[in-house]
Amino acid sequence: TTKEVKKVKSSPRSKTEVTATAPAVSTHQAALMLRGGADATELTCIGMAAIYSFFGVTLAANPSWFWGPKSIFSYWTEMDESGVWFGRCVGIWMAAVTTSPWTVGMDMASLIKIYLPLNAALMVLFLQAAFSLKTTGPAPQNVLPFNMWYTQLPIAAGLLALNAKAVMG
């Protein structure tokens, strides 16, 4: 549908009235246009990929160096070989699954349904890492003088809220 839009163009000498026809845009469509056209489903998948594929690649490559006891971004103040092994496994999974809409054509509408219980569980685990575990820092050499899991809490909460919105429609 279209609607008529009146624009008044001013100049120092005279006022010119111009009438143009423009497509009618709903508030929802306008919001999508501001976000580059992405809806909650796509934004959830983009957010998950941005956070977890990065974390996943670094975990897969070298979890101890990136996030271990001697790292300036230490998430864990203790990490033995089983932690390194498990970090690599989880990192590969994170990177593979969160990039799957772009790498293998995974359906985003299905993926957000998988993400919702995972995001809820991760929120609980991140709270545990931030407030209960004794091996999650802060390490003395950390760039930030507090437990790095604190930084994950608002990110996880935002992704969980966006994910819930996407699933509920």
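Everything below is about the structure shown above.
Model, not experiment: these values are computed from the prediction.

S.K.: Now, about the overall build of the protein chain: what can you tell me, with residues and values included?
M.R.: If you tally the helices and strands in the protein chain, you get 7 helices and 2 strands. Going residue by residue from the N terminus, the α and β elements of the protein chain occur as β-β-α-α-α-α-α-α-α. Residues counted as buried form 30% of the 169 residues belonging to the protein chain. For the protein chain, the accessible area works out to roughly 10,600 Å², and carbon and sulfur atoms hold 66% of it.

S.K.: Help me get a handle on the packing of helix H2 (residues 40–61) against helix H4 (residues 81–98), residues and values and all.
M.R.: Between H2 and H4, the least distance of the axes is 7 Å, while the angle of their chain directions is 150 degrees. Comparing the axis directions of H2 and H4 gives the class roughly antiparallel. The chirality of how H2 crosses H4 is left-handed. In contact with Cys45, Met48, Ala49, Tyr52, Ser53, Phe55, Gly56, Val57, Leu59, Ala60 and Ala61 of H2, H4 contributes Gly87, Arg88, Gly91, Ile92, Met94, Ala95 and Thr98.

S.K.: Quick one: what's the story with the nonpolar core, residue by residue and with numbers?
M.R.: One recurring pattern in soluble globular proteins: nonpolar side chains tend to sit buried together. Ranked by size, the top nonpolar core spans 23 residues in total, and within it Cys45, Tyr52, Phe126 and Trp149 carry the most contacts. Sorting the residues of this core by element identifies H2, helix H6 (108–131) and helix H7 (149–168) as the ones contributing at least two each. Leave out the neighbours within four places in its chain, and Phe126 touches Tyr52, Trp149, Gln152, Leu153 and Ala156.

S.K.: If you had to explain H6 to someone new, which residues and values would you point to?
M.R.: When the terminal C-alpha atoms of H6 are compared, their 33 Å separation across 24 residues agrees well with the 34 Å that a helix rising 1.5 Å per residue should span. At Tyr115, H6 shows its maximal kink, close to 30 degrees; a proline, Pro117, follows between one and four residues later. Of all the positions in H6, only Met108, Leu111, Ile112, Tyr115, Asn119, Met123, Phe126, Ala129 and Ala130 are classed as buried. Buried-residue contacts for H6 involve H2, H4, helix H5 (100–103) and H7.

S.K.: I'd like to hear about a nonpolar patch on the surface, residue by residue, with values.
M.R.: A cluster of nonpolar side chains, Ile72, Phe73, Leu127, Phe131, Val143, Leu144, Phe146 and Tyr150, forms an exposed patch at the surface whose accessible area comes to about 690 Å². Considering the arrangement of structural elements, one finds Phe146 in the loop between H6 and H7.

S.K.: Just give me the short version of the packing of aromatic side chains, but keep the residues and values in it.
M.R.: For the structure shown, the criterion picks out 14 aromatic pairs. Where Trp67 meets Tyr75, the ring centres are 5.3 Å apart and the plane angle is 80 degrees; that geometry is what we call edge-to-face. Aromatic rings pair up to connect Phe54, Phe55, Trp65, Phe66, Trp67, Tyr75, Trp76, Phe126 and Trp149 into one cluster.

S.K.: Account for the environment of Gly137, naming residues and giving values.
M.R.: With respect to the element layout, Gly137 can be found in the loop between H6 and H7. Those residues in contact with Gly137 that sit more than four places away from it in its chain are Thr77 and Asn147.

Quick notes on the rules
Residues numbered from 1 in each chain as written. Predicted model: local features only at pLDDT ≥ 70, side-chain atom pairs only at ≥ 80, totals over all residues. Heavy atoms only, no water. Helix = DSSP H or I, 4+ residues; strand = E, 2+ residues; numbered from the N terminus. Buried < 20%, exposed > 50% of the residue type's maximum accessible area, 1.4 Å probe, protein only. Areas by Shrake-Rupley, 256 points an atom, 1.4 Å probe, with all protein chains shown as cover. Axes fitted to C-alpha atoms, helices over the stretch in contact; angles between N-to-C directions. Parallel < 35°, antiparallel > 145°, perpendicular 65-115°, else oblique. Left-handed = near helix turned anticlockwise from the far one by under 90°. Contact = heavy atoms within 4.5 Å. Core = buried A, V, L, I, M, F, W, Y, C linked by side-chain atoms within 4.5 Å. Expected span 1.5 Å × (residues − 1). Bend = angle between axes of the 7 residues up to and from the residue. Patch = residues over 30% accessible without salt bridge, like charges linked within 9 Å, V, L, I, M, F, W, Y side chains within 5 Å. Salt bridge = Lys/Arg side-chain N within 4 Å of Asp/Glu carboxyl O. Phe/Tyr/Trp six-rings, centres within 6.5 Å; stacked < 30°, edge-to-face > 60°.

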